[in-house]
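Listed here are the chains, written in short residue letters.
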Amino acid sequence: MVTVFSSKGILILIAFACYLVMMISIGVFNMKKTQTTEDYFLGGRGLSSWVAALSAQASDMSGWLLMGLPGSIYIGGTGRVWIAIGLFIGTVLNWVFIAKPLRRYTIVANNSMTLPEFFSNRFHDKKRVLMTLSSIVITIFFLVYTASALASGGKLFNRVFGLDYHVAMVIGALVILAYTFMGGFLAVCKTDFVQGALMFIGLLTVPILAYMAIGGDVAGALTAGGVTDSDYLNMMYAGGEPYPLSSILSDLAWGFGYCGMPHILVRFMAVRSEKEIKKSTTIATVWVAVSLAAACVIGIIGRGYIPGLEDSENVFIEMIQKVFSDNMVFIFIGGIFLCGILAAIMSTADSQLLVCASSVSKDIYKNLIKKDAPDKKVLWVSRITVVIVAVIATVIAWDPNSSIMNLVSDAWAGLGCAFGPLVVLSLFWKRTNIAGAFAGIFTGGAFVIIWDYIPFGGETLYAKTGLYSLLLGFFISLFAIIIVSLVTKKPSQEVLDDFKKVREYKEEAEA
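As the structure is a prediction and not an experimental result, all values here were calculated from the model.

Cut-off values and rules
- Residues numbered from 1 in each chain as written.
- Predicted model: local features only at pLDDT ≥ 70, side-chain atom pairs only at ≥ 80, totals over all residues.
- Heavy atoms only, no water.
- Helix = DSSP H or I, 4+ residues; strand = E, 2+ residues; numbered from the N terminus.
- Rg over C-alpha atoms; globule rule 2.2 N^0.38 Å.
- Contact = heavy atoms within 4.5 Å.
- Areas by Shrake-Rupley, 256 points an atom, 1.4 Å probe, with all protein chains shown as cover.
- Lys, Arg positive; Asp, Glu negative; His and termini not counted.
- Charge placed at Lys NZ, Arg CZ, Asp CG, Glu CD.
- Axes fitted to C-alpha atoms, helices over the stretch in contact; angles between N-to-C directions.
- Parallel < 35°, antiparallel > 145°, perpendicular 65-115°, else oblique.
- Left-handed = near helix turned anticlockwise from the far one by under 90°.
- Nonpolar A, V, L, I, M, F, W, Y, C, P; charged D, E, K, R; others polar.
- Polar contact = N/O pair within 3.5 Å; in protein donor to acceptor, adjacent residues only side chain to side chain.
- Core = buried A, V, L, I, M, F, W, Y, C linked by side-chain atoms within 4.5 Å.
- Buried < 20%, exposed > 50% of the residue type's maximum accessible area, 1.4 Å probe, protein only.
- Disulfide = S-S within 2.5 Å.
- Salt bridge = Lys/Arg side-chain N within 4 Å of Asp/Glu carboxyl O.

A.B. asks: Account for the overall build of the chain, naming residues and giving values.
C.D. replies: Within the chain, the regular secondary structure consists of 19 helices and four strands. In terms of C-alpha radius of gyration, the chain reaches 22 Å, essentially the compact-globule figure of 24 Å for 511 residues. Summarising its shape, the C-alpha atoms of the chain cover approximately 70 × 50 × 50 Å along the three principal directions. Look at the contacts in the chain between residues 6 or more apart in sequence, and 83% of them connect residues 24 or more apart. About 19,100 Å² of surface is accessible on the chain, with carbon and sulfur atoms providing 68% of the total. Across the chain, the 38 positively charged side chains and the 34 negatively charged ones have centroids separated by 11 Å.

Set out below in structure tokens:
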């Protein structure tokens, strides 16, 4: 740890300041381009392949990638890499099978700009029941998700500068608020592109330099660092114990969450063309494969390079500070790489704030409360919502002992169970109806809350079984949609006609 006013601290602070000024400048620049709600929420459907891919993956991974995952492996060993494997599989399947059909369907479904609006238009829900329920689910779980990002920011500034956790968290929240408030979706995506690139460079460079510092002898470094567990590098063991199949399946189940993440799916909706999606798929696949692998390596090498950490989630921070400590130039470079952690945090928090804002202003205010509200008023309701959500998320993350991993896993499960099965079936099964859609969202979201938060006999079902709620909740929601859709009235002819239009969309586009 360094102090803010030491020579080392000042250099790192300058690096942070340069980075933060650049992010806010992007927000200011894009504010001029943000005149309508479609600009604010989808950027006019004009994202290039590179911006779409890197912004989607950067907004996905968050501080969890550079703090939560390495910290988990630092403690438990390579048995915890199953989460990374599940996430990689989920990322690839999401880009390959969901991206293109979702973009088509949101265009056919009355140019839908948000996930709740898509569900409502997809099933011709004139009473807006799906929109209301979806917006409530997004608000609940994204508050927790945003809180995890702000907690990451608090820990980063606290560890690097010795700032009070609460002061540090508020500073990070204010910067994220600034450019999200001003520039909306374009600002978020462009900052996420920069942040995704910075994360990638940091993830590649730092572990390589740490590997060279230990002479390439990982096993020797682990032993010297006090690791006596011979199975630390065995994927079938975690924490010195055989890793149960149920735990491996729970870790792999993280991949199910992708098709239900509004902040990722909105990137698919905003891509400029289907040709761009093909490029984005390749870029995103390479980015996530390398990034996840590097994050796992950081946890392993870090255990030998920097043994005995009190908070394992700080391993990447400590590694950067140790690798880049020889001279003033190295310290400044280290400050830039520390910005990579801040980038991971900001790239997720800004997307979550924007999705929450879209749910409240577009889906609830515009579509449910005041249908004749002018575009500029909806835009300002969005910006005010961003501020309110950030404040509430800050309150949730106020405890300095908040676990980034736990906060992310709860939110990821809630969104994945509530929306994932419905997104898949709404795109590929024409018999899905509005009753089934409601049942899927309600059942999936409620299951996660009951499983993870409601104690039975003094402890939650998760604590009793050790099974991740997403592993069970995804299929419970899936079956709820199928069963309810089959036993209730089939979709109207209008809904079926839209489904057919989507199937024929490619032929029309190429004709």
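A.B. asks: Can you lay out the packing of helix α11 (residues 274-305) against helix α12 (residues 315-323) for me, pointing to particular residues and giving the numbers?
C.D. replies: For the pair α11 and α12, interaxial distance at closest approach is 10 Å and the crossing angle is 60°. By the criterion of interaxial angle, the relationship of α11 to α12 is oblique. Crossing of α11 against α12: the hand is left-handed. Residues I298, I301, G302 and Y305 of α11 form the contact with α12, whose participating residues are V315, F316, M319, K322 and V323. Of the residues assigned to the contact of α11 with α12, the class counts are seven nonpolar, one polar and one charged.

A.B. asks: Which residues make up the side chain of R122, and what values go with them?
C.D. replies: Within the fold, R122 resides in helix α5 (residues 115-122). Separated by 2.9 Å, the side chain of R122 and the backbone oxygen of S426 make a polar contact. Aside from chain neighbours lying at most four places away, what touches R122 is Y105, A109, L425, S426, W429, K430, T432, V495 and F499.

A.B. asks: Please provide a residue-by-residue account of the nonpolar core, values included.
C.D. replies: Most often, soluble globular proteins keep nonpolar side chains buried together rather than apart. W64, L65, I341 and W412 are the most contacted members of the largest nonpolar core, which totals 146 residues. The element that contributes the greatest number of residues to this core is helix α6 (residues 129-161), accounting for 17 residues. In this view, L65 contacts P70, M199, L203, W287, S291, L292 and A295; residues no more than four positions away in its chain are not counted.

A.B. asks: Tell me about the state of the cysteines, and please be specific about residues and values.
C.D. replies: With the rule as written, the count across this model stands at zero disulfides. Sulfur of C339: no disulfide; nearest cysteine sulfur belongs to C18 and is 8.4 Å away. In this structure C417 is a free cysteine whose sulfur lies 10 Å from that of C259, the closest cysteine sulfur available.

A.B. asks: I'd like to hear about unusual backbone geometry, residue by residue, with values.
C.D. replies: Apart from glycine, the bulk of residues carry a negative phi angle, and the bulk of peptide bonds sit in the trans form. Despite not being glycine, N110 shows a phi value in the positive range, around 60°. Its place among the elements puts N110 in the loop between α4 (82-108) and α5. Its identity is not glycine, yet R128 carries a phi of approximately 60°, on the positive side. With respect to the helices, strands and loops of the structure, R128 is situated in the loop between α5 and α6. Residue classification places R128 among the partly exposed positions, given a relative accessible area of 21%.

A.B. asks: Describe the pattern of salt bridges, and please don't skip the residues or the numbers.
C.D. replies: One pass over the full model with this rule turns up three salt bridges. The closest approach of N and O atoms between R80 and D251, which form a salt bridge, is 3.9 Å. Of this pair, R80 sits in the loop between α3 (49-76) and α4 while D251 is found in helix α9 (residues 245-252), placing the two residues 171 residues apart along the sequence. A relative accessible area of 22% places R80 in the partly exposed class. Residue class for D251 comes out buried when judged on its relative accessible area of 5%. For R272, the salt bridge identified is with E276, shortest N-O distance 3.8 Å. Overall, R272 belongs to the partly exposed group, its relative accessible area being 44%.

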